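Here is how the chains run, residue by residue.
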Amino acid sequence: MSQSGRPARLCGMRADWDVIVIGAGLAGLAAGATAARAGSATLVLEAHLPGGRARVTTSDGFVFNRGIHALYQALAGGELHLLPTSPDSLRRTTLLGRKDKEALAALLARLPRLHPRRHAGASVSQWIGGAGLGPAAAAVDALVRLTTYVPDMNTLAADAAVAQLQRAAGGVLYLHGGWAQLVTRLAALCQVRTGIKVIGVASAAGRVEVVTSNGPLTARSVIIAAGRPAAALRLLPADPGWGDLGPEVTAACLDAGVRRVPDPGYVLGVDAPVYAAVQSPPARQAPAGQAVVAAVRYGATEATADRAVLRAHLARAGVPEEDVVTSRFLARMVVAGAAPTAARGGLGSRPAVRTSPTPRPGWSPPPPGCVWTGSAPRPGSGRSTPGRGCPSRS
């Protein structure tokens, strides 16, 4: 690429690096911190503020994340029932009859031993339908929505659902002050430059050239962690042939800072793709004695309608309108750039890592001029796909 007519290189910053990471969301910051701690001269570039979907908002002393992670109770037909996810809750739930409890218990017992890849060609609906669950299938649908944020069981690949259900079995963690502490800590481990737009990347003379709004930079290798697949595609010099990776996963979210901790607080819709949860407590995200509660609709539709649905669901979770001190509505959050679909073969059809960004047994640094893009294969899969300028490897 010609250097003529280019603006001067970034003032006061070195022009050549071992690793340049494009994007300062959690993935980009984690990659940058890992490379820096391994001894590489590393730079993370971001056009906006660092953090991406991990950024938080503070209002009247309440800290709002962009999304929630928890599972406690379910809503079905206007009545509250204990969602059966463990032997004890399965025994006590009023959601199911005896035979349906037995069928669900058998599935939950098999779940840790299932091999997700064996279900890659089936949709979630097909997988659940083949389990002979009857009415208990609605409870599994709700669990899949909770762990994947995907409302459409007819297109979502069953291997993705099984993998997420297995990961969720260990529970979740809430962070004091929200996810901002992750962003702050990771950003402190590497050099991050914000307000810099990356225009494109290309292999050049054994290095990778990164063209930015402030001038060109070079690196031994580049990690593209720019968010959605479309954002990564815009930076590449050629179409990698990914094709249609699947629909975006979206959600509408209503966050509320409330005067008291609500009861029941945790309500998951079985017959509708909605969920409400108290995030604080247990996390410290609210003034003493008060709470942060959020309601999510899996699959954003129309803003006015979604907001009304979520307001009603907060009320079911025990939040009356008069208890709300402050609130924030997100009409359309992009949870994931593409949902793995059964039609494409599930998780195995997603773009693989071109060269691994982190050391592991048998790993060697990528050759000069190699551009890394895509998503990581499952640990132990031993598979990656070479990119432009990258050798094949097993």
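A quick note: this is a predicted structure, and the numbers were derived from the prediction, not measured.

Chemist: Help me out: how do you make sense of the environment of G195 in this one?
Modeler: Among the structural elements, G195 can be located in the loop between β7 (191-194) and β8 (198-204). Considering only alpha carbons, one finds G195 and E46, 149 residues apart in sequence, at a separation of 6.2 Å.

Chemist: Even after reading the chapter, I still don't get unusual backbone geometry, so can you show me in this structure?
Modeler: The peptide bond linking D263 to P264 adopts the cis configuration, its omega dihedral lying at 10°. Here P264 is to be found in the loop between β11 (249-258) and β12 (267-269). With omega at 20°, the peptide bond leading from P281 into P282 counts as cis. Relative to the helices and strands, P282 is located in the loop between β13 (274-280) and β14 (291-298). The residue D60 is not glycine, and still its phi comes out positive at about 55°. Residue classification places D60 among the exposed residues on the basis of a relative accessible area of 55%. A positive phi angle is found at Y149, which is not glycine, with a value near 70°. Along the polypeptide, Y149 turns up in the loop between α5 (137-148) and α6 (158-168).

Chemist: I keep staring at the packing of aromatic side chains and nothing clicks. Help me out?
Modeler: Both the distance between ring centres and the angle between the ring planes are used here to describe each pair of aromatic rings. For the structure shown, the criterion picks out 1 aromatic pair. Taking the centre distance of 5.0 Å and the plane angle of 80° together, the rings of Y149 and Y298 count as edge-to-face. Of the two residues, Y149 is situated in the loop between α5 and α6 and Y298 in strand β14; the sequence distance between them amounts to 149 residues. Residue class for Y149 comes out buried when judged on its relative accessible area of 8%. Since its relative accessible area comes to 0%, Y298 is described here as buried. The ring centre of W17 lies 4.9 Å from the NZ or CZ of R14, which sits over that ring.

Chemist: I tried to follow the side chain of D255 on my own but got confused; where do I start?
Modeler: As for its placement among the helices and strands, D255 is situated in strand β11. A relative accessible area of 0% places D255 in the buried class. The contact partners of D255, leaving out residues within four places of it in the chain, are F64, N65, Q279, V293, A294, T326, S327 and R328.

Chemist: What am I meant to see in the packing of α5 against α6 here?
Modeler: Packed helix pairs are specified by the crossing angle of their axes together with the interaxial distance, meaning the distance between the axes. Between α5 and α6, whose axes approach to 9 Å, the crossing angle comes to 80°. One finds that α5 runs roughly perpendicular with respect to α6. For the pair formed by α5 and α6, the contact residues are L143, V144, T147 and T148 on the first element and A161, Q164, L165 and A168 on the second. Residue classes in the contact of α5 with α6 are distributed as 5 nonpolar, 3 polar and no charged.

Chemist: For this particular structure, what's the right way to read the pattern of salt bridges?
Modeler: Pairs may arise between side chains of opposite charge once their charged atoms sit close together. Taken as a whole and assessed by the stated rule, the structure comprises 8 salt bridges. A salt bridge links R207 to D16, with the shortest nitrogen-to-oxygen separation between them at 2.8 Å. Of this pair, R207 sits in strand β9 (residues 207-212) while D16 sits in strand β1 (residues 16-22), and the two are 191 residues apart along the sequence. Overall, R207 belongs to the partly exposed group, its relative accessible area being 24%. Between R228 and E248 there is a salt bridge; the shortest N-O distance is 3.3 Å. Here R228 is found in the loop between β10 (215-224) and α8 (229-235), whereas its partner E248 is found in the loop between α8 and β11, with 20 residues between them in sequence. Counted as one network, the salt bridges with shared partners bring together R228, E248 and R332.

Chemist: Explain the packing of helix α1 (residues 26-37) against helix α7 (residues 180-187) to me, please; I cannot follow it from the model alone.
Modeler: Direction vectors running N to C along α1 and α7 enclose 30°, while the axes themselves pass 9 Å from each other. With respect to α7, the axis of α1 lies roughly parallel. Where α1 crosses over α7, the handedness of that crossing is left-handed. Of the residues in α7, those touching α1 at L26, L29, A30 and A33 are L182, V183, L186 and A187. Residue composition of the contact of α1 with α7, by class: 8 nonpolar, no polar and no charged.

Chemist: Looking at this structure, I do not really get the side chain of Q285. What am I missing?
Modeler: One can find Q285 in the loop between β13 and β14. Ignoring sequence-local partners within four residues, the contact set of Q285 consists of G61, F62, V63, N65, L175, G177, G178, Q279, S280 and V292.

Chemist: I keep staring at the environment of G289 and nothing clicks. Help me out?
Modeler: You can see G289 is positioned in the loop between β13 and β14. Classification of G289 as exposed rests on a relative accessible area of 60%. When the C-alpha atoms of G289 and R260 are compared, they prove to be 6.0 Å apart, with 29 residues separating the residues in sequence. Discounting chain neighbours no more than four positions away, the residues touching G289 are R259, R260 and V261.

Criteria and thresholds
Residues numbered from 1 in each chain as written. Predicted model: local features only at pLDDT ≥ 70, side-chain atom pairs only at ≥ 80, totals over all residues. Heavy atoms only, no water. Helix = DSSP H or I, 4+ residues; strand = E, 2+ residues; numbered from the N terminus. Buried < 20%, exposed > 50% of the residue type's maximum accessible area, 1.4 Å probe, protein only. Phe/Tyr/Trp six-rings, centres within 6.5 Å; stacked < 30°, edge-to-face > 60°. Lys NZ or Arg CZ within 6 Å of the ring centre and 35° of its normal. Contact = heavy atoms within 4.5 Å. Axes fitted to C-alpha atoms, helices over the stretch in contact; angles between N-to-C directions. Parallel < 35°, antiparallel > 145°, perpendicular 65-115°, else oblique. Nonpolar A, V, L, I, M, F, W, Y, C, P; charged D, E, K, R; others polar. Salt bridge = Lys/Arg side-chain N within 4 Å of Asp/Glu carboxyl O. Left-handed = near helix turned anticlockwise from the far one by under 90°.

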